[in-house]
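Coordinate analysis (summary)
Here are the chains, one letter per residue:
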Amino acid sequence: MLGEWLGDVTWNAFRERHLRKEPLARACTATSALPLLTWDVLERVLAAKVPADVLVVAKGALVDRKVPKTLDELDALLAAGVGLCLRHAERCHDGLAELARGFEKSLGEAQVQLFVTPPGAHGFTWHYDDEDVFIAQTAGTKDYYFRANTVAADVAADGSAFLRYSAERSPVSGATLIPGDFLYLPARWWHRAISQGDTPSLSISVGVRPRGAVLART
């Protein structure tokens, strides 16, 4: 799967030029991810007996709303400008579990997050992850913004570390993803995303902690 998402960038080129160094965006290379996050799949994940870890978010903050179990309940949240982040979704769906295993085989420990974002809205504000992030857009359009972390790159990701963002002066770059597009963000790079258009956005984010042997070659 990772090789498909990289498109015309070879694994060796990705490891040497991008892994833990620079973002990479590719158009139409993640079309194989489209069936992995549809509204039908999302409904099954929401109703799974082994639940995902669901965060209910809006305008950069967690909100105190009931986690939806059906698409009708989710539609009510989306209409109110509230979205979801479903962590460890690989526990809830065979296809997402297979996706995680593929990344683990290529790189290292992996988990799958699903993002559901209302039109014209964002879930999280500027933040960073301790994992490398591999994103596939599967529905809607989303603008992603990212910049190098020069003020907190040595600090584990948490709310207090994110307060350092106000001191960041690195250049901001961006990429607009439509269904089937791919974006890689190195660990601890600042990023945020805003859904565009008139329909909600669906995206898969695979967070990976590469094995030492992989990083030793970068």
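The structure under discussion appears in the preceding block.
What counts, and at which threshold
- Residues numbered from 1 in each chain as written.
- Predicted model: local features only at pLDDT ≥ 70, side-chain atom pairs only at ≥ 80, totals over all residues.
- Heavy atoms only, no water.
- Pairing = 2+ DSSP bridges.
- Helix = DSSP H or I, 4+ residues; strand = E, 2+ residues; numbered from the N terminus.
- Contact = heavy atoms within 4.5 Å.
- Axes fitted to C-alpha atoms, helices over the stretch in contact; angles between N-to-C directions.
- Buried < 20%, exposed > 50% of the residue type's maximum accessible area, 1.4 Å probe, protein only.
- Arc of directions from axis to C-beta.
- Parallel < 35°, antiparallel > 145°, perpendicular 65-115°, else oblique.
- Nonpolar A, V, L, I, M, F, W, Y, C, P; charged D, E, K, R; others polar.
- 1 Å grid on protein atoms, 1.4 Å probe; cavity = no way out; pocket = protein on both sides within 12 Å on 5 of 7 lines; lining within 4 Å.
- Points joined across faces, edges and corners; volume = space filled by probe spheres on them.
- Salt bridge = Lys/Arg side-chain N within 4 Å of Asp/Glu carboxyl O.

Attention now moves to the sheet that holds strand β2 (residues 53-58). Strands sit in the order β1-β9-β6-β11-β5-β4-β2-β3 across an open sheet of eight strands; the sheet is antiparallel. Edge positions in the open sheet fall to β1 (24-26) and β3 (61-62), since each of these has one partner strand only. The pairing of strand β5 (residues 108-117) with strand β11 (residues 201-210) spans 10 bridges and is antiparallel. Counterpart to Glu-109 in the pairing with β11 is Arg-209. On the sheet, helix α3 (residues 39-46) packs against β4 (83-87), β5 and β11 and is oriented at approximately 65° with respect to β4. Together, β5, β6 (132-139) and β11 form the strand contacts of helix α5 (residues 94-106), whose direction differs from that of β5 by roughly 140°.

Every buried residue of α3 is listed here: Val-41, Leu-42, Val-45 and Leu-46. End-on view of α3: buried residues confined to an arc of 135°, all on one side of the axis. Considering only its buried residues, α3 is in contact with α4 (71-79), β4, α5, β5 and β11.

A word on the packing of α3 against α4. α4 packs onto α3 with a crossing angle of 105° between their chain directions and a minimal axis gap of 10 Å. As far as their axial angle goes, α4 and α3 are roughly perpendicular. From α3, Trp-39, Leu-42, Glu-43 and Leu-46 reach across to α4, where they touch Leu-71, Leu-74 and Leu-78. Its residues assigned to classes, the contact of α3 with α4 shows six nonpolar, no polar and one charged.

Here we take up the pairing of strand β10 (residues 190-196). Side chains on a regular strand alternate between the two faces of the sheet. For β10, a buried count of six out of seven residues is recorded, marking the element as mostly surrounded by other parts of the structure. Pairing of strand β7 (residues 141-147) with β10 involves seven bridges; the strand directions are antiparallel. Directly across from Thr-141, in β10, lies its bridge partner Gln-196.

The calculated volume of the largest pocket comes to roughly 750 Å³. Ranked by the residues each element gives to the lining of the largest pocket, the list is headed by β5, at five residues. The residue inventory of the lining of the largest pocket, partitioned by class, reads 17 nonpolar, 13 polar and seven charged.

Let us look at the pattern of salt bridges. Applying the stated criterion to the full structure yields five salt bridges. With a shortest N-O distance of 2.6 Å, Asp-53 and Arg-87 are connected by a salt bridge. Taken together, the residues span a long stretch of sequence, with Asp-53 in strand β2 and Arg-87 in strand β4 at a distance of 34 residues. When its relative accessible area of 29% is taken as the criterion, Arg-87 is described as partly exposed. One salt bridge connects Arg-209 with Glu-131, and the closest N-O pair in it is separated by 2.9 Å. Of the two residues, Arg-209 is situated in strand β11 and Glu-131 in the loop between β5 and β6; the sequence distance between them amounts to 78 residues.

Right, let's get into the pairing of β4. Taken across its five residues, β4 has four buried, putting it largely inside the fold. With three bridges connecting them, β4 and β5 associate as antiparallel partners. Of the residues in β5, the one forming a bridge with Cys-85 is Phe-115.

On to the environment of Ala-89, then. Tracing the chain through its elements places Ala-89 in the loop between β4 and α5. Given a relative accessible area of 0%, Ala-89 falls into the buried group. Spatially, the C-alpha atom of Ala-89 lies 9.5 Å from that of Ala-100, the residues being 11 residues apart in sequence. With residues near it in sequence (within four places) discarded, Ala-89 still touches Ala-52, Leu-96, Val-112 and Leu-114.

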